[in-house]
Amino acid sequence: MRPGYQKYIPFQPQKIENRTWPDQVITRAPIWCSVDLRDGNQALVDPMNLQEKLEYFHTLIDIGVKEIEIGFPSASETEYEICRELIEGGHIPDDVTIQVLVQAREHLIKKTFEAIQGAKNVILHFYNSTSTLQRKVVFHMDMDGITKIATDAADLIYEMSQPLIQSGMNLRYEYSPESFMGTEMDYAVDICQAVLEHLHATPDRKVILNLPTTVENCMPNQFADMLEYFIRKLPSRNCAVISLHPHNDRGTGVATAEMGLLAGAERVEATLFGNGERTGNVDMITLAMNMWTQGVDPKLDFSQINRIKEMYERTTKMPVGDRQPYAGKLVFTAFSGSHQDAINKGTQYMKESGSDFWEIPYLPIDPADVGREYEPIIRINSQSGKGGAAYIMEHNFGFDLPKAMHPEFGHIVQVETDRVGKEITPERINELFHQEYVDVKEPYKLLKHSFHETIDAEGHSHVAFQGTIQHTDTIFDVSGEGNGPIDAFFNAIKGEKMARFSFLDYSSHAITDGSDSQGVAYILLQDQRDGKKYWGVGLSHNINLAPLRAILAAINRAKRKSS
Ligand code: KIV
Ligand code: ZN
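This is a predicted model, so every value here is computed, not measured.

**What to know about the pairing of strand β2 (residues 67–71)**
Along β2, 5 of the 5 residues are buried, which leaves the element largely enclosed by surrounding structure. Inspection of the sheet shows strand β1 (residues 31–34) paired to β2 by 2 bridges, in the parallel sense. Counted as the bridge partner of Cys33 is Glu67 from β2. Where β2 meets strand β3 (residues 97–103), 4 bridges bridge the pair, whose relative direction is parallel. From the neighbouring strand, Gly71 faces β3, where its bridge partner is Val100. Following the chain from β2 across helix α3 (residues 77–88) to the adjacent parallel β3, one finds a crossover that is right-handed.

Now the structure itself:
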């Protein structure tokens with residue numbers, strides 16, 4: 001054997017003139033078929049038991065899937081029993097079609113017909129392998145031999161289905177040329193056309209032609225070329241529903257499905273979270289939500305994605321990765337500072353502009369669309385920037401920090417994340433905020449105070465302040481006057497050793513925590529001796545007291561930093 005990469009045979013692209021699929025866009029949902037309970041289940045370390053399959057089946061129905069491949073009833077007694085329970089237990093709504101898979105082999109087909117007795121809507125799905133490789137190494141047959149397997153099966157299925165159809169069963173057919181992507185396209189057309197003819201397909205009784213990338217072996221654009229070529233060449237195109245069944249070996253199952261839809265497919269077989277053989281089947285959720293983000297209704301309901309994820313992880317025992325599109329734990333989380341900043345601005349823009357559209361950078365969808373509006377979007381670690389900590393303070397604790405304060409507080413938080421070397425919680429951020437700006441009660445403390453306000457005939461306010469302040473062990477009285485409480489207090493303390501501070505900025509707002517509402521004031525002072533600026537924050541149920549506390553907190557911080 002050749003060494004390394006040289007042992008692989010490169011994919012031979014299908015030649016096609018004037019391809020049209022690149023100019024198409026997806027404008028409507030395909031017919032969805034879930035293959036979770038068959039392809040997904042057969043790929044599990046521990047396949048689902050009856051109860052798990054039933055729960056999964058009902059979840060698929062809640063999501064809105066109308067065609068569900070429930071298994072391979074001729075493959076084992078368990079599979080057969082599950083099919084019977086679904087039918088006899090009345091689990092299948094009238095508008096839902098169950099699909100059963102069977103190889104193109106007589107005894108298995110007969111067993112499958114037994115399994116579906118009594119069902120209302122059924123798709124009988126049969127398949128055989130058609131690829132060059134499978135013909136060569138597995139079946140040792142030429143094209144005619146492989147075609148005969150398919151058409152013999154089609155004849156038997158057609159014959160056995162007539163009594164059921166006459167008795168009222170809505171029975172449809174699906175044929176898969178398994179390993180379609182490794183099949184010569186002209187041969188794929190021939191075998192599918194033969195099957196359509198043997199099943200007496202008409203425009204009114206279409207047969208589903210399911211064209212799987214059983215093992216994904218080419219780029220999605222090359223698959224789309226093959227599909228467009230196949231569709232153009234298929235004589236009875238109007239008697240077929242073209243279905244996709246992408247696997248994900250190259251990690252491009254979603255792109256293959258999307259480009260396949262552009263190339264003319266009408267139906268997609270997929271699984272939740274992309275479970276399935278090897279690297280999985282194409283992920284139905286990603287496909288559907290991708291449509292959603294383009295303004296196309298996917299006709300599936302993923303508004304409770306966490307609930308679906310919980311069911312999936314429990315029944316399949318497969319974890320959903322933290323980066324799984326739309327569903328992963330971290331997909332709506334920004335750690336990076338610049339991302340946090342942009343999200344912050346986007347959120348602000350949405351609020352202020354009243355935009356009808358979702359216009360937030362780094363958040364391709366509104367987490368609320370998948371029921372994830374209560375999860376933290378911004379989390380803080382050493383990669384986070386100045387805006388992130390402020391965002392947490394606002395969204396988790398109701399503190400709307402002045403913009404000019406963000407860099408300083410962001411830095412304080414960053415020093416802490418560098419120190420601990422991991423993510424820090426919102427509670428810890430709140431603690432740091434209080435330690436740094438609010439709970440700075442030394443050396444100056446306001447022990448008691450009173451205001452006296454007079455308002456003259458023109459409505460001008462005049463406030464007199466009197467108070468008692470403690471400075472370490474010394475207690476002294478201060479008084480001052482001004483046109484408002486802050487002015488009066490500031491004038492009162494100017495006479496003391498605090499005269500060196502000038503007043504730069506003030507803002508305040510209410511914060512409500514349950515039924516308790518209090519005011520918060522943010523004050524920025526400047527030390528005139530060296531020009532340094534100090535923020536202080538005061539909290540109080542009394543709107544006049546919060547700014548006084550903030551002023552003293554700023555002065556105390558200055559003292560602390562300069563001592
Ligand atoms: O991947 C595949 O080819 C299949 C067929 C049975 C449709 O699962
Ligand atoms: Zn498959």
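Moving on, there is more to tell.
**Structural notes on the coordination of the zinc ion (ligand 2)**
Listed as protein donors to the zinc ion (ligand 2) are Asp39 (OD), His245 (NE2) and His247 (NE2); their distances from the metal cover 2.0 to 2.1 Å. Written as a sequence motif, the donor arrangement for the zinc ion (ligand 2) is D-x205-H-x1-H. Of this pair, Asp39 sits in helix α1 (residues 36–42) while His245 sits in strand β7 (residues 240–246), placing them 206 residues apart in sequence. In this structure Asp39 comes out as buried when scored by relative accessible area, which is 2%. For His245, a relative accessible area of 5% gives the class buried.

**Some points on the sheet that holds strand β12 (residues 501–513)**
Strand order in the open sheet made by the 3 strands is β12-β13-β14, with antiparallel pairing throughout. Two strands in the sheet have a free side with no partner beyond their single neighbour: β12 and β14 (533–540). Strand after strand, the sheet turns through a mean of 15 degrees between neighbouring axes, direction not considered. Relative to strand β13 (residues 516–527), β12 runs antiparallel, the two being bridged by 12 bridges. Its bridge partner being in β13, Ala510 is matched across the sheet by Gly519. With respect to the sheet, helix α15 (residues 426–438) is in contact with β13 and β14, its orientation differing from that of β14 by roughly 110 degrees. Its contacts with the sheet place helix α17 (residues 545–562) against β12, β13 and β14, and it is angled at close to 140 degrees to β14.

**Some words on the domain arrangement of the chain**
Under the domain assignment used here, the chain contains domain 1 (23–316), domain 2 (337–436) and domain 3 (444–562). When each unit is reduced to the centre of its C-alpha atoms, the spacing between domain 2 and domain 3 is 29 Å. In this complex, domain 2 contributes 13 residues to the contact, which on the side of domain 3 involves 11 residues. Summed over both partners, the interface of domain 2 with domain 3 comes to about 980 Å²; 60% of that surface belongs to carbon and sulfur atoms. When the area that domain 2 buries against domain 3 is broken down by residue, the three leading residues are Phe399, Pro402 and Glu436, summing to 43%. Across the domain 2-domain 3 interface, the total number found is 3 salt bridges. The partner of Lys561 in a salt bridge is Glu436, and the shortest N-O contact between them spans 3.0 Å. The leading source of residues in the side of domain 2 that touches domain 3 is α15, at 4 residues.

**A few points about the site of ligand 1**
Residues in contact with ligand 1, as listed here, are Arg38, Asp39, His125, Tyr127, Ser176, Glu178, Asn210, Pro212, Thr214, His245 and His247. One of the side-chain N or O atoms of His245 is found 3.1 Å from an oxygen atom in ligand 1. One nitrogen or oxygen atom from the side chain of His247 is found 2.9 Å from an oxygen atom belonging to ligand 1. Considered on its own, ligand 1 offers 260 Å² of accessible surface; in the complex 95% of this is hidden by protein. For the shell around ligand 1, the secondary structure elements donating two or more residues are α1, β4 (121–129), β5 (170–178) and β6 (207–213). Of the residues contributing to the shell around ligand 1, the split by class is 2 nonpolar, 6 polar and 3 charged.

**Overview of unusual backbone geometry**
Omega for the peptide link from Glu442 to Pro443 comes to 0 degrees, which places this bond in the cis form. Relative to the helices and strands, Pro443 is located in the loop between α15 and β9 (444–455). The phi torsion at Asn18 lies on the positive side, around 50 degrees, for a residue other than glycine. By the element assignment, Asn18 lies in the segment before β1. Under the relative-accessibility criterion, Asn18 is labelled exposed at 66%. Despite not being glycine, Tyr362 shows a phi value in the positive range, around 70 degrees. Secondary-structure assignment places Tyr362 in the loop between α12 (337–353) and α13 (386–397).

**Description of the pairing of β3**
Counting buried residues along β3, 6 of its 7 residues qualify, which places the element largely inside the surrounding structure. Note on the crossover from β3 through helix α4 (residues 106–115) to β4: the handedness is right-handed.

**Regarding the nonpolar core**
Within the largest apolar cluster, 135 residues are counted, with the highest numbers of intra-cluster contacts made by Phe126, Phe230, Ile242, Leu272, Phe302, Phe409 and Phe433. With 8 residues, helix α7 (residues 185–198) is the largest single contributor of residues to this core. Listed in part, the 28 residues of the second largest apolar core include Tyr444, Ala521, Leu548 and Ile555.

**Concerning the sheet that holds strand β11 (residues 474–482)**
Each strand in a sheet pairs with its neighbour through backbone hydrogen bonds, running either in the same direction (parallel) or in the opposite one (antiparallel). The antiparallel open sheet is built from 3 strands, whose spatial order is β9-β10-β11. Where the open sheet ends on each side, the last strands, each with one partner, are β9 and β11. Within the sheet, the average angular offset between the axes of one strand and its neighbour, ignoring direction, is 15 degrees. Two strands pair when backbone bridges link them, and β9 and strand β10 (residues 461–471) are joined in this way by 11 bridges, in the antiparallel orientation. Across the sheet, residue Phe451 finds its bridge partner in β10, namely Phe465. Against the sheet, helix α16 (residues 485–494) engages β9, β10 and β11, with an angle of about 130 degrees to β11. Running over the sheet, α17 touches β9 and β10 and is turned about 140 degrees from β9.

**Quick look at the pattern of salt bridges**
Under the criterion given, the structure shown has 34 salt bridges. Linking Lys351 and Glu394 is a salt bridge whose minimum nitrogen-to-oxygen distance equals 3.8 Å. With a gap of 43 residues between them, Lys351 in helix α12 and Glu394 in helix α13 connect regions that are remote in the sequence. What makes Glu394 partly exposed here is its relative accessible area of 25%. Lys441 serves as the salt-bridge partner of Asp439, at 3.9 Å between the closest nitrogen and oxygen. For Lys441, a relative accessible area of 46% corresponds to the partly exposed category.

So, how was this worked out
- Residues numbered from 1 in each chain as written.
- Chains lettered and ligands numbered in written order.
- Predicted model: local features only at pLDDT ≥ 70, side-chain atom pairs only at ≥ 80, totals over all residues.
- Heavy atoms only, no water.
- Buried < 20%, exposed > 50% of the residue type's maximum accessible area, 1.4 Å probe, protein only.
- Helix = DSSP H or I, 4+ residues; strand = E, 2+ residues; numbered from the N terminus.
- Pairing = 2+ DSSP bridges.
- Right-handed = clockwise from strand over helix to strand, strands pointing away.
- Donors = N, O, S within 2.8 Å, 3.2 Å for Na, K, Ca; no water.
- Axes fitted to C-alpha atoms, helices over the stretch in contact; angles between N-to-C directions.
- Contact = heavy atoms within 4.5 Å.
- Domains from an automatic or database assignment.
- Buried area = accessible area lost by both parts, 1.4 Å probe.
- Salt bridge = Lys/Arg side-chain N within 4 Å of Asp/Glu carboxyl O.
- Near = heavy atom within 4 Å.
- Polar contact = N/O pair within 3.5 Å; in protein donor to acceptor, adjacent residues only side chain to side chain.
- Areas by Shrake-Rupley, 256 points an atom, 1.4 Å probe, with all protein chains shown as cover.
- Nonpolar A, V, L, I, M, F, W, Y, C, P; charged D, E, K, R; others polar.
- Core = buried A, V, L, I, M, F, W, Y, C linked by side-chain atoms within 4.5 Å.

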